[in-house]
Amino acid sequence: MSSSAHSDNSLKLEATSVSCWQLWQAVRSKRPLVHCITNFVSMDFMANVLLAAGCSPAMAHSLDEVESFVAISSALLVNMGTLSPEWVASKKLAAKKAVELGKPWVLDPVGCGATPVRTTSCLELLACKPTVVRGNASEILALAGAAASVKGVDSTAISNDALEDAKHLASKHSCIVVVSGAVDYVTDGQRVVTVRNGHPLLTLITAAGCSVTALIAAFVAVAPGQALLATAHALAVFGLAAEEGLKVVPRPGPGSLRVALIDLLHMVQEDTVVEGVRVAVMSQLS
Ligand SMILES: Nc1ncnc2c1ncn2[C@@H]1O[C@H](COP(=O)(O)OP(=O)(O)OP(=O)(O)O)[C@@H](O)[C@H]1O
Ligand SMILES: Cc1ncsc1CCO
Ligand SMILES: [Mg+2]
């Protein structure tokens, strides 16, 4: 990397850690209504994460209601976790409505690659032009058509393994793609931003990934035209809340983390965010 490119990235890093807090304050003041069509496992945790972060969640999946719900919402979250033919139809209808109304929508391709129907359904939703796609490494590899092994909804790969496929997916579908893991990679196909917040114990809380995808929808909703940065900031805020939460619990385990994460999303202070966010521009073409 040339020295000018390096200093350019350093400048962006400084600006990034400040604007993360500003963006979160925008979320809190605008309190975006996030319409979630998610899975049975994640509903409660996801709604609580969104509430604690300052958003207004609503879970609504009925085929005869989703279009009206998209119309009154700031953003849509579509999660493939516990799919059924009826729900997949609802998800496609909602996604198409969001695109028609110019509202952001975010796809979580849970378990993509685990079964043929799941892969097909995820690809059909991908064709509905999501603003952001967030999955673990196995899910992103499967979505990109790579020969990937998956273990149900869990990843058997690390996030770096899926970075090139994430870039291709993002370019091909003109969207932001996130591969989550110990390092989260956020790309629009050209630029790659890394987020190094979080804790390994997050993998032992079901629906942590589902919930951070919903938080991405909220952040993108308040930052039109800045989906890459908003996505990275949402991941950072979620990971930082987990880190800070674990510092204050008497027994740091998954159960305590689940509660502490929600508490910290509610109460974390500006200086902690400004100092603790680890977002970096990894690469940028042009
Ligand atoms: N080893 C790790 N260290 C730090 N943070 C992690 C680690 N693994 C995952 N995370 C964080 O946990 C969150 C969930 O990511 P993960 O990749 O586990 O999602 P997922 O597999 O889709 O989860 P789920 O299916 O349970 O919703 C992200 O915010 C990610 O940054
Ligand atoms: C465990 C599980 N099964 C279907 S969805 C889900 C939540 C984590 O993705
Ligand atoms: Mg997941």
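None of these values were measured; they are calculated from a predicted model. (Residues numbered from 1 in each chain as written. Chains lettered and ligands numbered in written order. Predicted model: local features only at pLDDT ≥ 70, side-chain atom pairs only at ≥ 80, totals over all residues. Heavy atoms only, no water.)

Describe in detail unusual backbone geometry, supporting the description with residues and values.
In this structure, Ser174 is a non-glycine residue whose phi angle is positive, near 50°. Positioned with a positive phi, Ala207 is a non-glycine residue whose angle comes to about 75°. One can find Ala207 in the loop between β10 (192-195) and α8 (208-221). On the basis of relative accessible area, Ala207 is assigned to the buried category, the value being 9%. (Helix = DSSP H or I, 4+ residues; strand = E, 2+ residues; numbered from the N terminus. Buried < 20%, exposed > 50% of the residue type's maximum accessible area, 1.4 Å probe, protein only.)

Any chance you could break down the UniProt feature "transmembrane region" (unreviewed entry) in the protein for me, citing the residues and the numbers?
Annotation from UniProt places "transmembrane region" (unreviewed entry) at residues 201-221. Summarising residues 201-221: 67% helix, 0% strand, and an end-to-end C-alpha distance of 28 Å. (UniProt positions renumbered as here; feature names shortened; annotations may be inferred.)

Before we move on, can you summarise helix α2 (residues 43-53) with the specific residues and values?
Listed in full, the buried residues belonging to α2 are Phe45, Met46, Ala47, Val49, Leu50, Ala52 and Ala53. Gly54 sits one or two positions beyond α2 and adopts a positive phi of about 105°.

Describe the site of ligand 1, and please don't skip the residues or the numbers.
Residues in close proximity to ligand 1 total 19 residues, the closest being Asn136, Ser180, Asp184, Gly209 and Cys210. The backbone of Pro200 places a nitrogen or oxygen atom 3.4 Å from a nitrogen atom of ligand 1. In the complex, 88% of the free accessible area of ligand 1, which totals 630 Å², lies under the protein chains. Its atoms largely coinciding with the cavity grid, ligand 1 occupies the largest pocket. Elements that contribute at least two residues to the shell around ligand 1 include exactly β5 (132-136) and α8. (Near = heavy atom within 4 Å. Polar contact = N/O pair within 3.5 Å; in protein donor to acceptor, adjacent residues only side chain to side chain. Areas by Shrake-Rupley, 256 points an atom, 1.4 Å probe, with all protein chains shown as cover. 1 Å grid on protein atoms, 1.4 Å probe; cavity = no way out; pocket = protein on both sides within 12 Å on 5 of 7 lines; lining within 4 Å. Sits in = over half its atoms within 2 Å of the grid points.)

Can you tell me about the site of ligand 2, naming the residues and giving the values?
Around ligand 2 sit Asn39, Val41, Gly81, Val110, Val153, Thr206, Ala207 and Cys210, and that is every residue in its neighbourhood. Bound to the protein, ligand 2 loses 74% of the 290 Å² it would expose on its own. More than half of the atoms belonging to ligand 2 lie within 2 Å of the grid points that define the largest pocket. In the shell around ligand 2, the residues fall into 5 nonpolar, 3 polar and no charged. (Nonpolar A, V, L, I, M, F, W, Y, C, P; charged D, E, K, R; others polar.)

So, the layout of surface pockets: which residues are in play, and what are the values?
Reported here for the largest pocket is a volume of approximately 1000 Å³. Around the largest pocket, the lining is made up of 41 residues, and of these Asn136, Ser180, Leu202, Thr203 and Gly209 lie nearest the centre. Looking at the lining of the largest pocket, the elements that each hand over two or more residues are β5, α6 (137-143), β7 (154-155), β9 (184-187), α8 and α9 (227-248). Per element, the largest residue contribution to the lining of the largest pocket is 4 residues, and it comes from α8. (Points joined across faces, edges and corners; volume = space filled by probe spheres on them.)

Mind laying out the state of the cysteines, listing which residues take part and the relevant values?
In a disulfide, the sulfur atoms of two cysteines are held together by a covalent bond. Within this structure, the stated rule accounts for 0 disulfides. The closest cysteine sulfur to the non-disulfide-bonded Cys128 is located on Cys122, 12 Å from its own sulfur. Summary of cysteine pairing: Cys210 is not part of a disulfide, and the nearest cysteine sulfur, belonging to Cys36, is at 11 Å. (Disulfide = S-S within 2.5 Å.)

Hey, could you go over α8 for me, with residue numbers and the actual values?
The terminal C-alpha atoms of α8 lie 20 Å apart, and with 14 residues this matches the ideal 20 Å at 1.5 Å per residue to within 8%. With 12 of 14 residues buried, α8 lies mostly within the body of the structure. Buried residues of α8: Ala208, Cys210, Ser211, Val212, Thr213, Ala214, Leu215, Ile216, Ala217, Ala218, Phe219 and Val220, and no others. (Expected span 1.5 Å × (residues − 1).)

Could you give an account of the side chain of Arg118, naming the residues involved and the relevant values?
Following the sequence through the fold, Arg118 ends up in helix α5 (residues 116-126). No salt bridge forms around the buried Arg118; measuring N to O, its nearest opposite-charge neighbour Glu139 is 7.1 Å away. Engagement of the side chain of Arg118 in a polar contact is seen with the backbone oxygen of Val110, the distance being 3.0 Å. Beyond its immediate chain neighbours, meaning those up to four positions away, Arg118 contacts Met80, Gly81, Leu83, Val110, Gly111 and Cys112. (Lys, Arg positive; Asp, Glu negative; His and termini not counted. Salt bridge = Lys/Arg side-chain N within 4 Å of Asp/Glu carboxyl O. Contact = heavy atoms within 4.5 Å.)

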